[in-house]
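# Working through the structure, step by step
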Amino acid sequence: MSNTTVQVSVTVRDMLRADWLPTTWCPGCGLGIVMNAIVQAVRHRGLSKDRCTMVSGIGCTGRMSGYVDMNTLHTTHGRATAFATGIKLAQPDMTVITVMGDGDAMAIGGNHLVHAMRRNIGMVAVVVNNNVYGLTGGQSSPTTPIGGHSTTAASGSFERPMNLELLAATAGAALYARATVFHTAPLVKTLESALAVDGFALVEVLSNCHTIYGRMNGTPEAADMMLPMDAATWRTTPVLERRGLRPVRVTRATTTIGPALADGGAVHRDPWERRGVVWQRAGSRDLSHLLHDELEGGQRWP
């Protein structure tokens, strides 16, 4: 066993509630990978778990808050970002990580998600997108692709799936990134970057639900659902970015690529869009910090 493997194992164990393991997730579920990546990112950023809070809603992803050893809050369906907003306003210096599924975040909790981004509340929202309501019966979710089979669309979904990237850009998120459970090292680095953002950082993680969605769509094995993520994702690392071996994927206010946003930022568009994207707004400021500064200065926030 390599030193790296030992280091990762110790890090993960120290950040988990061992008494609650093993998890209730299906074998091969990508949620374990996501949880592993989150706790590694927290540790690599040098953050104290006593100053971190994980908020979750209902669904398979919602169970993650029961396994991590930090301040945790398991809330109602779709309301994770609302509870997280309250925590951040009460404790501006708290690192808040909100984990949700695609249905939890974008359907039942869509209103809360939009307004948390609009207000630029300082949190890292991790949306695990597996194209289905996995825990509650296999219904179609806002991201179920056209033709995808579910318990509520036995003959195949005919609705256009939501585009979380465009929603984040329109609503005003400070950062958006898309990653997969197949590429674990880039996922950890992406989450580390999101934890450093002063504002609302949205990380969409493409994951697999082979037990429910996969069985209904001819891919009942986890590996069979994860392998296409490699073919459809442009794998990147900071080292390759610096060497200029791939197209630029991080845009700032001075970038001329793509349509301009209202606050001067820009969203990158190129032929590789479906293979992953990361963008960040320059000069973003978390609303909770703005409120705190106003109150400390003796001014009343309107």
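A brief structural summary. Just so you know, these numbers come straight off a predicted model, no measurement behind them. (Residues numbered from 1 in each chain as written. Predicted model: local features only at pLDDT ≥ 70, side-chain atom pairs only at ≥ 80, totals over all residues. Heavy atoms only, no water.)

### Some words on the nonpolar core
To be explicit about the condition: For this analysis, a nonpolar core means a set of buried residues of the types Ala, Val, Leu, Ile, Met, Phe, Trp, Tyr and Cys, connected via side-chain atoms within 4.5 Å. Remark: exposure states derive from per-residue accessible area (1.4 Å probe, protein chains only) relative to the maximum for the residue type, with buried under 20%, exposed over 50%, and partly exposed in between. Every helix listed is a DSSP run of H or I at least four residues long, and every strand listed is a run of E at least two residues long, numbered separately from the N terminus. Every residue pair with non-hydrogen atoms within 4.5 Å of one another is taken to be in contact.
Counting 40 residues, the largest nonpolar core has Val34, Ile38, Val42, Met64, Val126 and Leu191 as its most contacted members. Of all the secondary structure elements, the ones that give two or more residues to this core are helix H2 (31-44), strand S1 (52-56), strand S3 (95-101), strand S4 (123-129), strand S5 (175-180), helix H7 (184-195), strand S6 (200-206) and helix H9 (222-231). The dominant element in this core, judged by the number of residues it contributes, is H2, at eight residues. Those residues in contact with Val42, other than ones at most four positions away along the chain, are Met15, Leu47, Cys52, Met70, Ile97 and Leu195. Listed in part, the 27 residues of the second largest apolar core include Val96, Met106, Val127 and Tyr176.

### Some thoughts on the pattern of salt bridges
Stated formally: By salt bridge we mean one thing: a side-chain nitrogen of Lys or Arg within 4 Å of a carboxyl oxygen of Asp or Glu.
Counted according to the given criterion, the structure contains eight salt bridges. A salt bridge links Lys49 to Asp14; its shortest N-O distance comes to 3.9 Å. Of the two residues, Lys49 sits in the loop between H2 and S1 while Asp14 sits in helix H1 (residues 3-14), which places them 35 residues apart along the sequence. Residues Glu204 and Arg178 are paired through a salt bridge, measuring 3.6 Å at the closest nitrogen-oxygen approach. Here Glu204 is found in strand S6, whereas its partner Arg178 is found in strand S5, with 26 residues between them in sequence. For Glu204, a relative accessible area of 5% corresponds to the buried category. Assessed through its relative accessible area of 18%, Arg178 is described here as buried. Through salt bridges that share partners, Asp14, Arg43, Lys49 and Asp69 make up one connected network.

### Comments concerning the packing of helix H5 (residues 110-119) against helix H6 (residues 164-171)
What counts here: Axis lines are fitted through C-alpha atoms, for helices just across the contact stretch, and the angle between N-to-C directions can take any value from 0 to 180 degrees. Angles below 35 degrees are treated as roughly parallel, those above 145 as roughly antiparallel, those between 65 and 115 as roughly perpendicular, and all remaining angles as oblique. Gly falls in the polar group here, along with every residue not listed as nonpolar (Ala, Val, Leu, Ile, Met, Phe, Trp, Tyr, Cys, Pro) or charged (Asp, Glu, Lys, Arg).
Two elements in contact, H5 and H6, have axes whose closest approach is 8 Å; the angle formed by their N-to-C orientations is 45°. Taken together, the axes of H5 and H6 are oblique relative to one another. Between H5 and H6, the contacting residues are Leu113, Val114, Met117 and Arg118 on the first element and Leu164, Leu167, Ala168 and Ala171 on the second. Here the contact of H5 with H6 is built from residues that sort into seven nonpolar, no polar and one charged.

### Some words on the packing of helix H3 (residues 80-90) against H5
It is the contact of H3 with H5, at a shortest axis distance of 7 Å, that shows an interaxial angle of 35°. Of the residues in H5, those in contact with Thr81, Ala82 and Thr85 of H3 are His112, Leu113 and Ala116. Looking at side-chain class alone, the contact of H3 with H5 contains three nonpolar, three polar and no charged residues.

### A short note on the sheet that holds S6
Operational definition: Whether two strands pair depends on DSSP finding at least two bridges between them.
Taken together, the seven strands give an open sheet; going across it, the order is S2-S1-S3-S4-S6-S5-S7, and neighbouring strands pair in mixed fashion. Pairing within the sheet leaves two strands with one partner each, and these edge strands are strand S2 (71-74) and strand S7 (278-280). Neighbour-to-neighbour, the strand axes of the sheet open up by a mean angle of 20°, direction not taken into account. Bridge analysis of S4 against S6 gives seven bridges, and the strand direction is parallel. Paired with Met123 across the bridge in S6 is Phe200. Across the sheet, H5 touches S3, S4 and S6, and the angle it forms with S6 is around 135°.

### Considerations on the pairing of S3
Within S3, seven of the seven residues are buried, which leaves it mostly tucked inside the rest of the structure. The side-chain alternation of S3 yields two buried faces, one formed by Thr95, Ile97, Val99 and Gly101 and the other by Val96, Thr98 and Met100. Examined bridge by bridge, S3 and S4 share five bridges and lie parallel to one another. Residue pairing for S4: Thr98 is matched across the bridge by Ala125.

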